[in-house]
Amino acid sequence: MRTLIKDIFKKNFLNKTVTICGWVKTVRTQKTFSFIEINDGSFLSNMQIIASHSLKLDFEKIKIGTSLSVTGEVTESPGIQKYEIKAEKINILGECDKDYPLQKKKHSFEFLRTILHLRPRTNTQGAIMRIRNSLAFATHKFFQERDFLYIQTPIITSSDCEGSGELFRVTTLGDKDSKKLKDGSLDFSTDFFKKPTFLTVSGQLNAEAFASSLSKVYTFGPTFRAENSNTSRHLSEFWMIEPEMAFVDINENIEIAESYLKYIIKYILENNEEEIHFFEKFIKKGLLEKLNQIVDITFEKITYTEAIDILKKADKKFEFPIKWGIDLQSEHERYLSEEHFYKPVVVKDYPEEIKAFYMRLNDDKKTVAAMDILFPKIGEIIGGSQREERFHILQEKIKKKNLEEKDYKWYLDLRRYGSVVHSGFGLGFERLVQFVTGIDNIRDVIPFPRYPSHAEF
Ligand code: 4AD
Ligand code: MG
């Protein structure tokens, strides 16, 4: 049976004979033996193999990228690595052509994006994926420990949750089949679902139906946005974690979001030590301190109106001018958390005009019970709100935002049949992975990134 390289480092295998499998990372040939380092993705460090040239083997075939199985005894290493294996038997599982692009040198993130199928074999990508995995696991752990039910919301939908029209259409109609109606709009009566359908931008509305019965639920799934944003923080396909809670108001919603963020970051600090040290050393100096800070401090809490005052007084020229009513831009969000408070900031009570129809109208009739959590370097990492639970006000808001009431009939029903105060939020999973790893571009923290003009592999 194969032993994972991780287990050799973490458990006691000293002087035991093991078989490991993996891909060659480096080969150094001496007179009578070769040093071969292999990695199987379970751990950051490679395992060093001492392969005597007396072994029956075509050493010419062992190159970077070759896949091997190696059987031998685990011994203490005199070198920098803790252990090594004295090979008794080596099998070449798959030879590697000499044009293998990942030769031993530093590759740019841009270049690696052109070979997404081989990118997982780099140290950095392996470390990112192990962090991603831990963050997903810790997310389920957090919500499960608090009696939330994990529910699955649809990916194909006919409603635009955020009302911003950034939807990818789902259709089986070809160009030839799409007829236009008299008013110029497309005729979907012959389409698969007999109505316009899209890839979802958020599972929230469906999650609300379940929170209105199961009390505490969360979704964790892919979401899609057809916005033409070529930034280091936007993807066309990203993953979102969306808890939705009945009997919870905006302030409790903020408390839960803050404790969730602290919990998962603490989990990473306790369970992914090797990866975090790797990112600290090679990607972002000061990362460890920044992560520890999140766990220890209390997030700053301000209202949108206070945020605007701070930005107006800032000794800084912004590209987008500041006035009450504007949507906060990334430069504003980052100023608040990076340069003013030096920590995460929760901004609440945004103007009604700039936020989605479902957010609860405050008593001032100008703002809604929305909250965004802004992180240094990332900007908005969480967006959430208390939902409008009052039927007539919600109906008014749907009209005001020029949405079709008939499309939201089922959603309004939730307000007619035993409506309750409820709240929720959405965390952009890739922005979280970016923060935890210190990786600059969001395209490097998801296995196969989708962004404008890019859907390869
Ligand atoms: O603020 P957003 O649009 O909120 C919602 O979709 C709500 N329905 C969530 C809820 O209350 N259940 O998106 C939530 C988060 C953002 O804070 C951001 O972290 C991330 O999703 N996000 C994106 N991440 C990557 N690429 C994009 N294009 C993103 N758009 C939003
Ligand atoms: Mg938002």
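Residues numbered from 1 in each chain as written. Chains lettered and ligands numbered in written order. Predicted model: local features only at pLDDT ≥ 70, side-chain atom pairs only at ≥ 80, totals over all residues. Heavy atoms only, no water.

(A) Fine view of the packing of helix α3 (residues 123-145) against helix α5 (residues 250-271). α5 packs onto α3 with a crossing angle of 135° between their chain directions and a minimal axis gap of 9 Å. Judged by the inter-axis angle, α3 sits oblique to α5. Crossing hand, α3 versus α5: right-handed. Contacts between α3 and α5 involve Ile131, Ser134, Leu135, Phe137, Ala138, Thr139, Lys141, Phe142, Phe143 and Glu145 from the former and Ile256, Ser259, Tyr260, Tyr263, Ile264, Tyr267 and Ile268 from the latter. Among the residues making up the contact of α3 with α5, the classes are represented as 12 nonpolar, three polar and two charged. (Axes fitted to C-alpha atoms, helices over the stretch in contact; angles between N-to-C directions. Helix = DSSP H or I, 4+ residues; strand = E, 2+ residues; numbered from the N terminus. Parallel < 35°, antiparallel > 145°, perpendicular 65-115°, else oblique. Left-handed = near helix turned anticlockwise from the far one by under 90°. Contact = heavy atoms within 4.5 Å. Nonpolar A, V, L, I, M, F, W, Y, C, P; charged D, E, K, R; others polar.)

(B) The arrangement of the packing of aromatic side chains in detail. Applying the stated rule across the entire model yields 27 aromatic pairs. Here phenylalanine 33 and phenylalanine 35 contribute two aromatic rings whose centre-to-centre distance is 5.3 Å and whose plane-to-plane angle is 90°, an arrangement assigned as edge-to-face. Considering the side-chain rings of phenylalanine 143 and phenylalanine 148, the 4.9 Å spacing of their centres and the 65° angle between planes classify their relative orientation as edge-to-face. Ring pairs connect the aromatic residues Phe142, Phe143, Phe148, Tyr150, Tyr218, Tyr260, Tyr263 and Phe425, which therefore count as one cluster. The ring of phenylalanine 13 is capped by lysine 16, whose NZ or CZ atom sits 5.9 Å from the centre of that ring. Positioned above the aromatic ring of tyrosine 350 is the side chain of lysine 355, whose terminal nitrogen or guanidinium carbon lies 4.2 Å from the ring centre. (Phe/Tyr/Trp six-rings, centres within 6.5 Å; stacked < 30°, edge-to-face > 60°. Lys NZ or Arg CZ within 6 Å of the ring centre and 35° of its normal.)

(C) View of the side chain of glutamine 204. Note that glutamine 204 resides in helix α4 (residues 204-214). In this structure the side chain of glutamine 204 is engaged in a polar contact, spanning 3.1 Å, whose partner is the side chain of tyrosine 358. If sequence neighbours within four positions are ignored, glutamine 204 has contacts with Cys161, Glu162, Glu242, Glu244, Tyr358, Arg387 and Tyr411. (Polar contact = N/O pair within 3.5 Å; in protein donor to acceptor, adjacent residues only side chain to side chain.)

(D) Region of interest: the site of ligand 1. Around ligand 1 there are 25 residues in total, and Glu162, Gln204, Arg225, Glu242 and Glu380 lie nearest to it. Contact distances for ligand 1 include 2.6 Å between an oxygen atom and a side-chain N or O atom of glutamate 380. At the level of elements, β11 (237-246), β15 (379-386) and β16 (422-428) are the ones that each hand at least two residues to the shell around ligand 1. Counting residues per element, the shell around ligand 1 draws most heavily on β15, which supplies five residues. Looking at the shell around ligand 1 residue by residue, the classes come out as nine nonpolar, eight polar and eight charged. (Near = heavy atom within 4 Å.)

(E) Highlighting the nonpolar core. One finds Leu135, Met371, Ile373, Phe375, Ile382, Leu432 and Val436 to be the most contacted residues of the largest nonpolar core, which totals 56 residues. Looking at this core, the element that brings in the most residues is α5, giving 12 residues. Contact partners of isoleucine 382, with chain neighbours within four places excluded, come to Ala257, Leu261, Met371, Asp372, Ile373, Phe425, Gly426 and Leu427. Within the second largest apolar cluster, 38 residues are counted, among which are Leu205, Tyr304, Leu361 and Leu412. (Core = buried A, V, L, I, M, F, W, Y, C linked by side-chain atoms within 4.5 Å. Buried < 20%, exposed > 50% of the residue type's maximum accessible area, 1.4 Å probe, protein only.)

(F) Looking closely at the sheet that holds strand β13 (residues 345-351). Spatially, the eight strands line up as an open sheet ordered β6-β10-β11-β16-β15-β14-β13-β12, and their pairing is mixed. Among the strands making up the open sheet, the edge pair consists of β6 (149-150) and β12 (300-303). The pairing of β12 with β13 spans four bridges and is classified as parallel. Counted as the bridge partner of lysine 301 is valine 346 from β13. Those strands touched by α3 are β6, β10 (216-224) and β11, and its axis lies near 155° from that of β10. (Pairing = 2+ DSSP bridges.)

(G) Spotlight on a nonpolar patch on the surface. On the surface, a nonpolar cluster with roughly 380 Å² of combined accessible area is contributed by Ile155, Ile156, Phe192 and Phe193. Position of phenylalanine 192 relative to the elements: it lies in the loop between β8 (169-170) and β9 (197-199). (Patch = residues over 30% accessible without salt bridge, like charges linked within 9 Å, V, L, I, M, F, W, Y side chains within 5 Å. Areas by Shrake-Rupley, 256 points an atom, 1.4 Å probe, with all protein chains shown as cover. Salt bridge = Lys/Arg side-chain N within 4 Å of Asp/Glu carboxyl O.)

(H) Local environment of the sheet that holds strand β4 (residues 67-76). Strand order in the closed barrel made by the five strands is β1-β2-β3-β5-β4, with mixed pairing throughout. Taken over all neighbouring pairs, the strand axes of this sheet differ in orientation by 55° on average, direction set aside. As judged from the six bridges shared by strand β2 (residues 33-39) and strand β3 (residues 47-52), these two strands associate in the antiparallel manner. Residue pairing across strands places isoleucine 38 opposite methionine 47, the latter belonging to β3.

(I) A look at the pairing of strand β5 (residues 83-94). Pairing between β3 and β5: three bridges, direction parallel. The residue of β5 that forms the bridge with glutamine 48 is glutamate 84. Bridge analysis of β4 against β5 gives 10 bridges, and the strand direction is antiparallel. Across the sheet, glutamate 76 pairs through a bridge with tyrosine 83, a residue of β5. Taken together, β4 and the strand that follows it, β5, pair antiparallel across an intervening segment of six residues.

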